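# Residue-level structural notes
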Amino acid sequence: MVQDYGIFVGGGWRRSKGKRLETRNPATGEVLGTFPLATKEELHAAVKAAKDAFEGWRKTPAPRRGELLLEAARIFRSKKEDLARTVTGEMGKILAEGRGDVQEVIDFLEYAAGEGRRMFGATVPSELPNKMCLTVRLPVGPVGLITPWNFPMAIPGWKSGAALIAGCPIVLKPSSLTPLCAARFVEVLDEAGFPPGVVNLVTGAGPVVGDGLVAHPDIRAVSFTGGVETGRRVYESAARKMIKVGLELGGKNAILAMDDADLGLLMDGVLFGAFGTAGQRCTATSRLIVHRRIYDQVVDELVDRVAKLKVGDPLDAAVDMGPVASPEQERKVLEYVDLGRKEGSKLLAGGTKLRGGPYDRGFFLAPTVFAVGRTSRLAQEEIFGPVLSVLRAKDYDDAVAIANSVRYGLSSSIYTNDLRWAFRAMQDLEAGITYVNAPTIGAEVHLPFGGTKETGPTDTREAGTTALEEFTHWKTVYVDYSGRLQKAQIDTARLTGG
Ligand code: TXE
């Protein structure tokens, strides 16, 4: 039975007056649920609920807030398999990755809960006697979380965990491709017992609900993950309101393969990095930059290994890659394949839509590899699908120059056994993340995540020790217990008599 969902506002599910959207399984076409395209008024009601909840939530001691996050993590753990199947069913990633999506929520909620007992500030000596200086973090207020479809539970988990522990009520606006995952995510938070209005969910069109959320005068910060062009609009709108904004806008991530690399290790990493989640990760390996001395050997082995990848039902444990997430994704990837051919790039593997039997019900593409020129669009633009571009480099410096020639700066990787190249790459690669002898994917929740250049113009980092930055501001506090007026910079009597 297909369930009709409402919006979650002020602690309960409400009916919406808006039109409805259907969410479908990209492997089978099956309708999984219907969701509202919420109206402006309904968005305003959600923001009002968050605003009304702010006073109580900010005054709830952070360790108590953490207890609710831990309770949510416990429920996620108890429902992990069922939720993982929802992720795979709605988004199309293979079940092992669906489980990973949910595990990331559990890991981050547990990490964030601990932050409730840290949230360290600084205590600093004063230049005056009998005076104390310290810094404290304070929540910014109600916040908007705008999330994409590729990690339909993990990204809401990262953003919500950080906002909630900081003391900010949330209004979550998920991608219209994966509202069911968002609804199930919010059901768990509700079951954990967050006070009414602290957690709100509004589904609907980006230009209405997303835009309206960023522009709403009572929303004090926005955390956004999505495409660059949408991110630019969010950035502009947030700047007009002078509010904090965190942006994570994708990548064109490269693996550098040096001539001393362990080729077996490299090949495993490239396949996982490029074709895991059908290439639809912001950190996906979309470029392989190979030292000229091993180029032919690497290309031969790669073509061999790609031919053995199994594409099919993402619930089948023997399958390596499921469908892409939507007809739009499929169209976009096939357009890039056409473009590659027109640009004169050499198709080494794949490049087709898979047809016949169960393939005809979903959006299944063959894992694709092109040999490309360094200025080609395939080498420069984020495709967000199972397409790997291979480039030949003269030496280390040339490989780094190619890697850095794109507008993105999210993840990067080098395969080498030479410490000198590894350590130079840590400094030379223009990216928020560098892996050594591992692919460009695989972030862990207790480390900062984000990028440079057009990936992360606001230079915020999600997760890890930096997660609170998006949702808090610093207050500096001076406590003078001298009992008299003391003047900084003016009472200048010093030991030296100055
Ligand atoms: O993203 P959008 P889409 C890239 C990837 C992909 C492309 C398009 O290249 O092919 O973006 O994907 C909401 N104001 N990434 O269309 O449109 C929208 O409803 C406020 C990279 O899904 O950026 C959704 O909730 N919000 C990426 C969210 O923004 C708006 C992950 C993202 O949607 C809005 C996903 C507006 N005007 C896609 N318009 C990554 N960084 O990993 C839409 N939205």
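All of these numbers come straight from a predicted model, not from anything done at the bench.

Cut-offs and rules
Residues numbered from 1 in each chain as written. Predicted model: local features only at pLDDT ≥ 70, side-chain atom pairs only at ≥ 80, totals over all residues. Heavy atoms only, no water. Pairing = 2+ DSSP bridges. Helix = DSSP H or I, 4+ residues; strand = E, 2+ residues; numbered from the N terminus. Contact = heavy atoms within 4.5 Å. Axes fitted to C-alpha atoms, helices over the stretch in contact; angles between N-to-C directions. Domains from an automatic or database assignment. Buried area = accessible area lost by both parts, 1.4 Å probe. Salt bridge = Lys/Arg side-chain N within 4 Å of Asp/Glu carboxyl O. Polar contact = N/O pair within 3.5 Å; in protein donor to acceptor, adjacent residues only side chain to side chain. Nonpolar A, V, L, I, M, F, W, Y, C, P; charged D, E, K, R; others polar. Buried < 20%, exposed > 50% of the residue type's maximum accessible area, 1.4 Å probe, protein only. Phe/Tyr/Trp six-rings, centres within 6.5 Å; stacked < 30°, edge-to-face > 60°. 1 Å grid on protein atoms, 1.4 Å probe; cavity = no way out; pocket = protein on both sides within 12 Å on 5 of 7 lines; lining within 4 Å. Points joined across faces, edges and corners; volume = space filled by probe spheres on them. Expected span 1.5 Å × (residues − 1). Patch = residues over 30% accessible without salt bridge, like charges linked within 9 Å, V, L, I, M, F, W, Y side chains within 5 Å. Areas by Shrake-Rupley, 256 points an atom, 1.4 Å probe, with all protein chains shown as cover. Lys, Arg positive; Asp, Glu negative; His and termini not counted. Charge placed at Lys NZ, Arg CZ, Asp CG, Glu CD. Near = heavy atom within 4 Å.

One open sheet holds the three strands; their spatial order is β1-β5-β4, and the pairing between them is mixed. Either end of the sheet is taken by a strand with one partner, and the two such strands are β1 (3–4) and β4 (20–24). Bridge count between β1 and strand β5 (residues 31–36): two bridges; the pairing is parallel. Residue pairing in the sheet places glutamine 3 in a bridge with glycine 33 of β5. Lying on the sheet, helix α6 (residues 179–192) is in contact with β4 and β5; it crosses β5 at an angle near 75°.

Here we come to the domain arrangement of the protein. Domain annotation of the protein identifies domain 1 (3–249 + 456–476) and domain 2 (253–436). Summarising the inter-unit geometry, the C-alpha centres of domain 1 and domain 2 are found 31 Å apart. Opposite the 22 residues of domain 1 that make contact, domain 2 presents 28 residues. Interface area, domain 1 with domain 2, both sides summed: about 1900 Å², of which 60% is carbon and sulfur. Put simply, domain 1 and domain 2 have one salt bridge between them. We note a salt bridge from arginine 407 to glutamate 229, for which the minimum N-O separation is 4.0 Å. Our count for the domain 1 to domain 2 interface comes out at four residue pairs in polar contact (both at pLDDT 80 or more). When grouped by side-chain class, the residues that make up the side of domain 1 that touches domain 2 number ten nonpolar, five polar and seven charged.

The next thing to look at is the environment of threonine 34. In this fold, threonine 34 is placed in strand β5. Classification of threonine 34 by relative accessible area gives buried; the value is 11%. As a C-alpha pair, threonine 34 and glutamine 3 span 31 residues in sequence and 6.5 Å in three-dimensional space. Contacts of threonine 34, omitting those with residues within four sequence positions, involve Val2, Gln3, Asp4, Tyr5, Arg20, Leu21 and Glu22. There is a polar contact of 2.5 Å between the side chain of threonine 34 and the side chain of aspartate 4. A distance of 2.9 Å separates a polar atom in the side chain of threonine 34 from a polar atom in the side chain of arginine 20.

On to the packing of aromatic side chains. Tallied over the entire structure, the rule returns eleven aromatic pairs. Centroid distance tryptophan 149 to phenylalanine 384: 5.5 Å. Interplanar angle 80°. Geometry classified as edge-to-face. Within this pair, whereas tryptophan 149 is found in the loop between β8 (143–146) and α5 (154–166), its partner phenylalanine 384 is found in the loop between α12 (377–380) and β17 (387–393), the two being separated by 235 residues in sequence. Judged by its relative accessible area of 12%, tryptophan 149 falls in the buried class. Measuring from ring centre to ring centre gives 5.1 Å for tryptophan 158 and phenylalanine 449, while their planes differ by 80°; the resulting arrangement is edge-to-face. Of this pair, tryptophan 158 sits in helix α5 while phenylalanine 449 sits in the loop between β20 (433–436) and β21 (452–453), and the two are 291 residues apart along the sequence. When sorted by exposure, tryptophan 158 lands in the same class as phenylalanine 449, which is buried.

A volume near 920 Å³ is recorded for the largest pocket. What lines the largest pocket is a set of 38 residues, among which Trp149, Phe224, Gly226, Gly227 and Thr230 lie closest to the centre. Listing elements by their share of the lining of the largest pocket, those giving two or more residues are α7 (206–215), β11 (221–225), α8 (228–241) and α11 (327–343). Sort the elements by how many residues they give to the lining of the largest pocket and α8 lands first, with five residues.

Before going further, it helps to spend a moment on the sheet that holds strand β7 (residues 131–139). If you trace the three strands from one edge of the open sheet to the other, you get β6-β7-β22, paired in antiparallel fashion. Looking along the sheet, the strands with just one partner apiece sit at the ends: β6 (123–125) and β22 (472–480). Direction aside, neighbouring strands of the sheet carry axes that sit 25° apart on average. Relative to β7, β6 is paired through three bridges, and the arrangement is antiparallel. Bridging across to β7, valine 124 finds its partner in cysteine 133.

Attention now moves to α8. Look at α8: 20 Å from first C-alpha to last across 14 residues, which is about the 20 Å you get at 1.5 Å a residue. Within α8 the residues assigned to the buried category are Val228, Gly231, Val234, Ser237, Ala238 and Lys241. Where the residues of α8 are buried, they touch α7, β11, β12 (244–248) and β18 (408–409). Methionine 242, located one to two residues past α8, shows a positive phi value of around 60°.

Our focus in this paragraph is empty space enclosed by the protein. By the definition in use, this model includes five cavities of 30 Å³ or more. There is about 90 Å³ of room inside the largest cavity. Around the largest cavity, the lining is made up of 16 residues, and of these Arg287, Ala403, Ser411, Ser412 and Glu430 lie nearest the centre. Elements supplying a minimum of two residues to the lining of the largest cavity: β13 (253–257), β18 and β19 (411–415). No other element matches the three residues that β13 contributes to the lining of the largest cavity.

Another aspect to go through is unusual backbone geometry. Positive phi values are uncommon outside glycine, yet phenylalanine 384 reaches one of about 60°. Residue classification places phenylalanine 384 among the buried residues on the basis of a relative accessible area of 14%. Within the chain, lysine 453 stands out as a residue other than glycine whose phi angle is a positive 50°. Its place among the elements puts lysine 453 in strand β21.

Moving on, we get to a negative patch on the surface. Taken together, Asp296, Asp300, Glu301 and Asp304 make up a surface patch of like negative charges. For aspartate 304, a relative accessible area of 47% translates into the label partly exposed.

With that out of the way, let us pick up the site of the ligand. Neighbouring the ligand are 27 residues, the closest being Trp149, Lys173, Gly227, Cys282 and Lys332. At 3.0 Å from an oxygen atom of the ligand is found a side-chain nitrogen or oxygen belonging to glutamine 329. Take glutamate 382: an N or O atom from its side chain is 3.0 Å from an oxygen atom of the ligand. Within the complex, the protein chains bury 85% of what would otherwise be the 820 Å² of accessible surface of the ligand.

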